[in-house]
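Geometric and topological summary
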Amino acid sequence: LARDRDRILKEGLWTGWQPRTFIPVCINAFGGICVGQVTKYAGGVRKSFSVVGGILITSFLQSVIHGHSISGSTWIAMPLVIGSIVL
């Protein structure tokens, strides 16, 4: 903002933005609200397990859909995550 101060004061804060620019901003804001609600009602620990589970599911789907192989670090992380969930 410091470098663009003069331009913002002259043309306004939203100069250069188009209506479609607000789409990812609104989606990220909605995602943040969803994360806050999950943390509030399910707790931080469950949210962390859900995030890790989502990462694992995403890596499997990515390997199936795009044909990428699963990295060695992911293979090492999977049993550790499963073990931590079981405990």
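Structure: above.
Calculation notes
Residues numbered from 1 in each chain as written. Predicted model: local features only at pLDDT ≥ 70, side-chain atom pairs only at ≥ 80, totals over all residues. Heavy atoms only, no water. Salt bridge = Lys/Arg side-chain N within 4 Å of Asp/Glu carboxyl O. Helix = DSSP H or I, 4+ residues; strand = E, 2+ residues; numbered from the N terminus. Buried < 20%, exposed > 50% of the residue type's maximum accessible area, 1.4 Å probe, protein only. Expected span 1.5 Å × (residues − 1). Axes fitted to C-alpha atoms, helices over the stretch in contact; angles between N-to-C directions. Left-handed = near helix turned anticlockwise from the far one by under 90°. Contact = heavy atoms within 4.5 Å. Nonpolar A, V, L, I, M, F, W, Y, C, P; charged D, E, K, R; others polar.

In total, this model carries 2 salt bridges according to the counting rule given. Asp6 is the salt-bridge partner of Arg5, the closest N and O atoms lying 3.9 Å from each other. Of the charged contacts in the structure, one is a salt bridge between Glu11 and Arg7, with a shortest N-O distance of 3.5 Å. A residue pair is termed a helical-turn pair when its members lie 3 or 4 positions apart in one helix, as Glu11 and Arg7 do in helix H1 (residues 5-11) at 4 residues. When its relative accessible area of 45% is taken as the criterion, Arg7 is described as partly exposed.

A few words on helix H2 (residues 22-42). An ideal rise of 1.5 Å per residue puts 30 Å on 21 residues; H2 measures up with 30 Å between its terminal C-alpha atoms. Looking one or two residues past H2, Gly43 carries a phi angle of roughly 95°, positive in sign.

What follows covers the packing of helix H3 (residues 44-66) against helix H4 (residues 72-86). Where H3 meets H4, the closest approach of the two axes is 11 Å, and the angle between their N-to-C directions is 145°. As H3 packs across H4, the resulting crossing turns out to be left-handed. Of H4, the residues touching H3 (which contributes Phe49, Val52, Leu56, Ser59 and Phe60) are Thr74, Trp75, Met78, Val81, Ser84 and Ile85. Its residues assigned to classes, the contact of H3 with H4 shows 8 nonpolar, 3 polar and no charged.

The next subject is the environment of Ile65. Secondary-structure assignment places Ile65 in helix H3. Along the sequence, Ile65 and Gly83 sit 18 residues apart, while their C-alpha atoms lie 27 Å from each other.

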